Amino acid sequence: MFPSRRSSTVRRLWRNRCPNGGLQGGLKPLTHSLFKRLREDQLEMLARAVEAGAAEDRVGCVSLARGGVNHWPQVLTCKLFRWPDLRCPHQLKRLCICDCSRKSVEDSGLVCCNPYHFSRLCDPESPPPPYSKLSPGKNQNNIDDFLEHNFAYDQRAIEPSNNTSDLWPGFGLGPHLSREAHWCSVAYWEHRTRVGRLYAVHEPSVGVFCDLPRGNGFCLGQLHVADRHEMVRRTRGKIGRGILLSREWDGVWAYNRSEHPVFVNSPTLGPPNSRRLSVHKVQPGYSVKIFDYDKARALQRK
């Protein structure tokens, strides 16, 4: 007998699970139970998502009714296909590309099981340990050397728009802007030279990438420079799928969807009252809130 389409899809899913697949204890029966609850078209969508990985963010939600489930389906699929060490839903952040992010679980009664609609969370209240702390001003050369030697591509400008602040000229400290306004401008630098134009962002999110199939946003691969330095070439070769910046209700988030760590800094990422530049290392698949509205307002009041 020929295998059914459903059983073939399930086998594809098993083949794409993480090494040591996160199937300790009673997770294997839970996984079988989850697969049985999904329709055939949902299983196919889930298989497409895990086979494409982070390279394809247009695969839709794999929605499952939350009622009657005694576990978190998104934790199960993320543990199975991305992070075997995942323990609880509080370690995850739903990405803005997920349609379910526009509704609360209570309102929709659905939860998305697509593991690539989630990222691991760098807790905004306790940011990851700084990769390096360097003083600005006289040590600016050291900062540049640090970024170059660690192959960090530096988007030094996620520049705010709409003049409301002397501290961050032009940033509206909140999630609401008119449709005509742009909430940030992105600039790309190589060493101390800006390459290309400022990219104004009007949509709620923007991808900054060098190589992303069917990607939308600021494509660094289209920026050409004569006699580009070899170290810059090597660095650009590691940008790949880059990052996703999103303007959300509580701040601006950065999701690292590349295969290499990225390095970020922001006035709201550092300790309160600090005059030192904190550079944070964000691992692939992780998100961090790079600009916190509440912290920014508190800094403005000082």
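Sequence positions are assigned chain by chain, starting from 1 and proceeding in written order. Reporting in this predicted model follows two pLDDT cut-offs: at least 70 for local features of residues, and 80 or more for side-chain atom pairs to be given and counted; totals over whole chains, interfaces and linings ignore these cut-offs and use all residues. The basis for every side-chain value is the complete set of heavy atoms in the structure, and neither hydrogens nor water enter the calculation.

This paragraph deals with the overall build of the chain. Secondary structure elements are defined from DSSP: runs of H or I of at least 4 residues count as helices, runs of E of at least 2 residues count as strands, and each element is numbered from the N terminus. Helix and strand content of the chain: 8 helices and 15 strands. Relative accessibility decides the category of a residue: with a 1.4 Å probe and only protein chains considered, values under 20% of the type maximum give buried, values over 50% give exposed, and everything between is partly exposed. Out of the 302 residues belonging to the chain, those deemed buried represent 46%. What makes two residues a contact is simply this: any of their non-hydrogen atoms within 4.5 Å. Taking contacts inside the chain between residues at least 6 apart in sequence as the whole, the part at least 24 apart equals 66%. Methods summary: accessible areas were calculated by the Shrake-Rupley approach with a probe of 1.4 Å, and residue burial reflects only the protein chains presented. Accessible surface computed for the chain: about 16,100 Å², of which carbon and sulfur atoms make up 50%.

All right, on to helix 2 (residues 27-37) then. What sets the pattern is the α-helix's 3.6 residues per turn: residues three or four places apart point alike. All of the buried residues along helix 2 are Leu 27, Thr 31, Leu 34 and Phe 35. Burial along helix 2 is one-sided: seen end-on, the buried residues are contained in an arc of 100°. Exposed and oriented more than 90 degrees from the buried face of helix 2 are Pro 29 and Lys 36. On its buried face, helix 2 is in contact with helix 1 (5-15), helix 3 (40-52), strand 1 (63-65) and helix 4 (73-81). The directions from the helix axis to the C-beta atoms form the arc being described.

With that settled, the discussion passes to the pairing of strand 9 (residues 205-209). Strand 9 sits mainly inside the fold: 4 of its 5 residues count as buried. When DSSP finds two or more bridges between two strands, those strands count as paired. Bridging between strand 9 and strand 11 (residues 243-248) involves 4 bridges; their strand directions are antiparallel. Residue pairing in the sheet places Ser 205 in a bridge with Ser 246 of strand 11. Two elements, strand 9 and strand 10 (residues 217-219), share 3 bridges in a ladder whose sense is parallel. Following the sheet pairing, Phe 209 is matched in strand 10 by Cys 219.

pLDDT gives the predictor's per-residue confidence on a scale running from 0 to 100. Overall, the prediction assigns the chain a mean pLDDT of 77, with 72% of residues at 70 or greater. Note on residues 132-171: pLDDT under 50 across the span, and 102 contacts to partners over four residues away in sequence or across chains.

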